[in-house]
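Tertiary structure, described
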Amino acid sequence: MGRKILYKRFLLTALTLLCASLVWATEVAPRVSSSAPQCSDFLQKLGKKPAALIFLGCKPAMDAQIHTLLASYKTKGSEAAQIERYLIRHTRMLPLHRVCCIWENRNSPEHDNGSGQLGSHTEFNYRVSMGTNENLISHRKDWAKIDWFYVSVELALELP
């Protein structure tokens, strides 16, 4: 008789676990996965997009060995100083400086390559950086001569 009771308990436990797994798969799992970040115009989504920034797209990327989502933007050289000031004020990005043949964020031990941080009302934090392609412009007053400045907003999908 003892074996029959143990067997019935085993079957009842196995059946309970099976039912719980089915509930998880149909009810809970879809809600959990839908809260995962999706590629999008992050600045627009957060209500932090200056009008002079043009959204180019978003794609999965890698930063070192960490999976990220990378949203790309551009702005005219004539608007770059305004965008730089906005990003410095709202993300604490460091000012751009000239290195060799490009303008980029200044490196600093306190900042991640001079990039800024933009938090959201969720657990996600976005890294913001700005720069140019190669050019011959070496003075800020001549930024309007640079066709495009580029802004990247990167969201890490995993912890380092």
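Higher on the page you've got the structure.
Here's what I pulled together on the structure shown here. Bear in mind the structure is a predicted one, so any value in this text is a computation, not a measurement.

**Points about the overall build of the chain**
Scanning the chain from N- to C-terminus turns up 3 helices and 7 strands. Its helices and strands in sequence order give the chain the pattern α-α-β-β-α-β-β-β-β-β, from N to C terminus. For the chain, the proportion of its 160 residues judged to be buried stands at 32%. Element-wise, carbon and sulfur atoms account for 59% of the exposed surface of the chain, whose accessible area totals about 10800 Å².

**Some remarks on the environment of E134**
Inspection of the secondary structure puts E134 in the loop between strand 6 (125-132) and strand 7 (148-156). Here E134 falls in the exposed class, since its relative accessible area comes to 65%. The spatial distance from the C-alpha of E134 to the C-alpha of I102 is 4.9 Å, given a sequence separation of 32 residues. With near-sequence residues (within four places) excluded, E134 lies in contact with C101 and I102.

**Topic: the nonpolar core**
If you look at the biggest cluster of nonpolar residues, it comprises 26 residues, and the most contacted ones within it are F42, Y73, L87, M130, F149, V151 and V153. Listing elements by their share of this core, those giving two or more residues are helix 2 (42-45), strand 2 (66-76), helix 3 (80-91), strand 6 and strand 7. In this view, V153 contacts F42, L43, L69, L70, A71, Y73, Y126, R127 and V128; residues no more than four positions away in its chain are not counted.

**Here's the deal with the side chain of S115**
With respect to the helices and strands, S115 occurs in the loop between strand 4 (102-105) and strand 5 (116-119). Classification of S115 by relative accessible area gives buried; the value is 5%. With sequence-adjacent residues up to four places away left out, S115 is seen in contact with R92, M93, N105, R127, V128 and S129.

**Points about the state of the cysteines**
A covalent bond bridging the sulfur atoms of two cysteines is what the word disulfide describes. Summed over the entire model, instances satisfying the criterion amount to 1 disulfide. Distance from the sulfur of C100, which forms no disulfide, to the nearest cysteine sulfur (C101) is 3.0 Å.

Scoring rules and cut-offs
Residues numbered from 1 in each chain as written. Predicted model: local features only at pLDDT ≥ 70, side-chain atom pairs only at ≥ 80, totals over all residues. Heavy atoms only, no water. Helix = DSSP H or I, 4+ residues; strand = E, 2+ residues; numbered from the N terminus. Buried < 20%, exposed > 50% of the residue type's maximum accessible area, 1.4 Å probe, protein only. Areas by Shrake-Rupley, 256 points an atom, 1.4 Å probe, with all protein chains shown as cover. Contact = heavy atoms within 4.5 Å. Core = buried A, V, L, I, M, F, W, Y, C linked by side-chain atoms within 4.5 Å. Disulfide = S-S within 2.5 Å.

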